[in-house]
Amino acid sequence: MYAIVEIGGHQYKVAENDVLFVDKQNVDSDSVTFDNVLLLKDDKGAVKVGKPVVDGASVTATILDTVKSDKVLVFKKKRRKGYQKLNGHRQVMSQIQIESISASGSTKKTAKKAAPKKEETKTEVKAEKATSDLSSLTVAELKKMASEKGLTGYSSMKKAELIEALS
């Protein structure tokens, strides 16, 4: 089984027990989970291609070490001007080992199911805000309420003027 995973803006082909160097991972624990699985091929030969990611797929890895990569030299020169400059840096990398590749069981599916409930509560909260306290609303919301009530000249009003006109 192998997968193509996006880690830090780069795409890597990974299999179980692979060791690779990726951009530094700022994680408190030694294990890290990557949910951006772009392609997944299992042992039977079935391929799942994500649009853009495979739903529910994840890759779990452990961080072995944090090291610096080879030095990258940046050389600038302008010919016939006597100008040349040499700079360089060493990128900090994390050495990780892929522990497991799972086709399902990621937290993304539960997040998608929970998202519509949050949207319903947001509409209820907006309805309560409109009836209870006008000062907690934004200027855009107050202007929308003014246009619904049919007030004129609300586009040039300040927040305090809008609250006074609506109450």
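Refer to the structure presented above.
## Here we look at the sheet that holds strand E2 (residues 10–15)
- Across the sheet, which stays open at both edges, the four strands sit in the order E2-E1-E5-E6 with antiparallel pairing between neighbours. Of all the strands in the sheet, just E2 and strand E6 (47–49) have a single pairing partner and so form its edges. Going across the sheet, the axis of each strand differs from the next one's by a mean of 15°, ignoring polarity.
- Bridge count between strand E1 (residues 2–7) and strand E5 (residues 37–41): four bridges; the pairing is antiparallel. Within E5, the residue paired with tyrosine 2 across the bridge is lysine 41.

## A look at the packing of aromatic side chains
- By the definition in use, this model includes zero aromatic pairs.
- Across from the ring centre of tyrosine 83, 5.6 Å away, lies the NZ or CZ of lysine 78, which sits over that ring.

## Description of unusual backbone geometry
- In this structure, proline 52 follows lysine 51 across a cis peptide bond, with omega equal to 0°.
- Phi is positive for asparagine 17, close to 70°, though the residue is something other than glycine.
- By the element assignment, asparagine 17 lies in the loop between E2 and strand E3 (19–23).
- Residue class for asparagine 17 comes out exposed when judged on its relative accessible area of 53%.
- For arginine 80, which is not a glycine, the phi torsion comes out positive at approximately 65°.
- Following the sequence through the fold, arginine 80 ends up in the loop between strand E7 (58–78) and strand E8 (83–102).
- Among the residues examined, arginine 80 registers a relative accessible area of 70% and is labelled exposed.

## Things to note about the nonpolar core
- Counting 19 residues, the largest nonpolar core has Ala3, Val14, Val59, Ile96 and Ile98 as the members making the most contacts within it.
- For this core, the elements supplying multiple residues, two or more each, are E1, E2, E3, strand E4 (31–34), E5, E7 and E8.
- Residues contacting valine 14, with those up to four places away along its chain left out, are Tyr2, Ala3, Val5, Leu20, Val59, Ile98 and Ile101.
- Listed in part, the seven residues of the second largest apolar core include Leu142, Met145, Ala146 and Leu162.

## Let's talk about the sheet that holds E4
- In spatial order, the strands read E3-E8-E7-E4; together these four strands make up an open sheet with antiparallel pairing. The outermost strands of the open sheet, each flanked by one partner alone, are E3 and E4. Each neighbouring strand pair of the sheet contributes to a mean axis angle of 50°, computed without reference to strand direction.
- Sheet topology note: the E3/E8 ladder contains five bridges and is antiparallel. The residue of E8 that forms the bridge with valine 19 is glutamine 97.

Calculation criteria
Residues numbered from 1 in each chain as written. Predicted model: local features only at pLDDT ≥ 70, side-chain atom pairs only at ≥ 80, totals over all residues. Heavy atoms only, no water. Pairing = 2+ DSSP bridges. Helix = DSSP H or I, 4+ residues; strand = E, 2+ residues; numbered from the N terminus. Axes fitted to C-alpha atoms, helices over the stretch in contact; angles between N-to-C directions. Phe/Tyr/Trp six-rings, centres within 6.5 Å; stacked < 30°, edge-to-face > 60°. Lys NZ or Arg CZ within 6 Å of the ring centre and 35° of its normal. Buried < 20%, exposed > 50% of the residue type's maximum accessible area, 1.4 Å probe, protein only. Core = buried A, V, L, I, M, F, W, Y, C linked by side-chain atoms within 4.5 Å. Contact = heavy atoms within 4.5 Å.

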